[in-house]
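Here is how the chains run, residue by residue.
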Amino acid sequence: MSTEVTEATQTGTEYINHHLTHWTVGEGFWSYNLDSLIVSAVLGVVGIFLFWLAARKATSGVPGKWQCFVEMCVEFVDGQVKDVFHGDRKFIAPLALTIFVWVFLMNAMDLLPLDLVSTIARFAVGEHAAHHVYFRAVPTADLNTTFGLSLTVLLLVLFFSFKAKGVGGFGHEMITAPFGASPALWLPNLAINIIELCAKPFSLAMRLFGNMYAGELVFMLIALLGATWTGLTLGSGLSMFGQILMGSIWAIFHILIIALQAFIFMVLTVVYIAMAHEHH
Amino acid sequence: MNLNATMIGQGIAFAILIWFSVKFIWPELTNAIEERQKKIAEGLSAADKSQQSLVEAKAQATGIIKEARDKAANIVEQANRRSNEMVDEAKNTARAEGQRLISDAQQEVSLEKGRLRDQLRAEVGTLAIAGAARVLGREIDAKAHADLIEQLAVEIERG
């Protein structure tokens, strides 16, 4: 974790702000965070390619080590889905696997050295131009990514609701559950259901984003410890030691968070779809 | 921290990844896993079955061995009995043969004896007659030899 702030003029606030700015093109809503898009796409392609390698050569005989690992993932996810969702898992289980693997990989970018990209940029385009290079390597610490995921999940929830109950049945449920079928209760029912429906993707997105964003921020704050380096003094030595110690502790703890958040996102998605599948 | 169109892009990427794994990854892997499970189940049941048939074969083999042993004992016993019988038979035959030989010999001996006696009697008669003739020829003394000749004649008569 390179922590040297090369420009004496850069303060801690500037350092953090720089690290929290996306590489963005476009104007207003129609702008794109290229860093999130590129990193998530690369991770998605790499992850799915690695799994595809195992799937392509999947043998029912003695499996290779990689196939074994992939099968372990598959069986783990399948088991989780089986516990929650009682029905045909042909779609839900691979959906859950995709979420788990992809979100895990994106979260894992948090463990990359914080200044890796900026150091590369400094070597690639020079000290001054690097100042204008913005790149956030953790796609899940971008609200757009998490909302992109959770809104897709919302669409799937709606799709499965329609599929399981029909459009009429779904509409009927929207205005009669949970309080009752009396016409006076239609409005409260509808309000509750809409809130519930919106709360699902919102909580999904915010939970993942919050965890990853906070994790990233803590890495930055820890990195700032080392940024106080002023030469071989006792204070500099202590803060450097503090940074290494805390950075290590936080990184190790973060491994848990990375896996846990991917797991939670997966399980909640399955739960939401299972709920959509069931009649009230 | 503004929301923008990145969301849409991520959603689309997500959808593509889901589609790909639903279509190309999950079925292959679960097929392989299920097939392997089936294979393992078959292997285990085959092992069970072979274990069972091994037990059966062992029992069968024990039965066959026992049967064979019984048969062998039977055969030995039979052979013993047969050999005893044969020895007895041979003994009987030999005894009968011996008896027959003895009786044959005896018969022959008695026959020979009779024959010899007859011959001897004839010869003695002849000799007696010749002797008598010679005695008679030299000195015919009917008075002196009459009782001798008489005696000879009686002896020859008697044989």
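The model shown is predicted, which means the values in this text are computed figures rather than measured ones. (Residues numbered from 1 in each chain as written. Chains lettered and ligands numbered in written order. Predicted model: local features only at pLDDT ≥ 70, side-chain atom pairs only at ≥ 80, totals over all residues.)

Digging into the overall build of chain B
Each helix and strand in chain B was counted, giving two helices and zero strands. Relative to the globule expectation of 15 Å for 159 residues, the C-alpha radius of gyration of chain B, 61 Å, shows a markedly less compact shape. A burial count over chain B gives 10% of its 159 residues as buried. (Helix = DSSP H or I, 4+ residues; strand = E, 2+ residues; numbered from the N terminus. Rg over C-alpha atoms; globule rule 2.2 N^0.38 Å. Buried ≥ 20, exposed ≤ 12 C-beta atoms within 10 Å, placed from the backbone.)

Quick word on helix α4 (residues 92-108) of chain A
The periodicity of an α-helix, 3.6 residues per turn, causes residues three or four places apart in sequence to face the same way. Compared with the 24 Å implied by 1.5 Å per residue over 17 residues, the 24 Å span of α4(A) between its first and last C-alpha is a close match. Most of α4(A) is tucked away: 16 of the 17 residues are buried. (Expected span 1.5 Å × (residues − 1).)

Some points on the pairing of strand β2 (residues 30-33) of chain A
Moving residue by residue along a regular strand, the side chains alternate between the two faces of the sheet. Across four bridges, strand β1 (residues 24-27) of chain A lies against β2(A) in antiparallel orientation. Each residue of the ladder has a partner; that of A:Val25, found in β2(A), is A:Tyr32. (Pairing = 2+ DSSP bridges.)

Quick notes on helix α3 (residues 65-84) of chain A
All names here are of chain A. Its 20 residues place the ends of α3 29 Å apart at the C-alpha level, agreeing with the 28 Å of an ideal helix rising 1.5 Å per residue. Turning to α3, its buried residues number three or more, namely Gln-67, Val-70, Glu-71, Val-74, Val-77, Asp-78 and Val-81. Buried residues of α3, seen end-on, are gathered within an arc of 135° and therefore sit on one face of the element. Exposed side of α3, more than 90 degrees from the buried face: Lys-65, Cys-68, Met-72, Gly-79 and Asp-83 are the residues found there. (Arc of directions from axis to C-beta.)

Quick notes on the environment of A:Met275
Residue and element names in this part refer to chain A. Within the element layout of this structure, Met-275 appears in helix α8 (residues 234-277). Using a count of 16 C-beta atoms within 10 Å as the deciding quantity, one classes Met-275 as partly exposed. For Met-275 and Ser-31, which are 244 residues apart along the polypeptide, the C-alpha to C-alpha distance reads 35 Å.

A word on the nonpolar core
In this structure, A:Ala96, A:Phe100, A:Val103 and B:Leu29 are the most contacted members of the largest nonpolar core, which totals 60 residues. Going through the elements one at a time, α2 (34-56), α3, α4, α6 (143-176), α7 (186-226) and α8 of chain A together with α1 (6-138) of chain B are the ones with two or more residues in this core. It is α4(A) that provides the largest number of residues to this core, a total of 13 residues. Core analysis: the second largest hydrophobic core is formed by six residues, A:Leu114, A:Phe219, A:Ala223 and A:Leu225 among them. (Core = buried A, V, L, I, M, F, W, Y, C linked by C-beta atoms within 7 Å.)

Concerning the interface of chain A and chain B
Between chain A and chain B, the residue contacts involve 40 residues of the former and 29 residues of the latter. When contributions to the side of chain A that touches chain B are tallied by element, the ones reaching two or more residues are β2, α2, α3, α4 and α6 of chain A. Element by element, the count of residues in the side of chain A that touches chain B is highest for α2(A), at eleven residues. In terms of residue class, the side of chain A that touches chain B is built from 23 nonpolar, 13 polar and four charged. (Contact = placed C-beta atoms within 7 Å. Nonpolar A, V, L, I, M, F, W, Y, C, P; charged D, E, K, R; others polar.)

Observations regarding the confidence of the model for chain B
Summary statistics for chain B give a mean pLDDT of 87 and a share of 92% for residues scoring 70 or more. Our summary of model confidence lists the complex with pTM equal to 0.75 and ipTM equal to 0.86. (pLDDT = per-residue confidence, 0-100.)

What about the packing of α4(A) against α8(A)?
Residue and element names in this part refer to chain A. The geometry of α4 relative to α8 is characterised by a closest axis approach of 8 Å and an angle of 155° between their N-to-C directions. Overall, the two elements α4 and α8 adopt an arrangement that is roughly antiparallel. Relative to α8, α4 is oriented so that their crossing is right-handed. Residue-level inspection shows Ile-92, Ala-96, Ile-99, Phe-100, Val-103, Phe-104, Asn-107 and Ala-108 of α4 in contact with α8, the latter providing Ile-258, Ala-259, Gln-261, Ala-262, Phe-263, Phe-265, Met-266, Thr-269, Val-270 and Ile-273. (Axes fitted to C-alpha atoms, helices over the stretch in contact; angles between N-to-C directions. Parallel < 35°, antiparallel > 145°, perpendicular 65-115°, else oblique. Left-handed = near helix turned anticlockwise from the far one by under 90°.)

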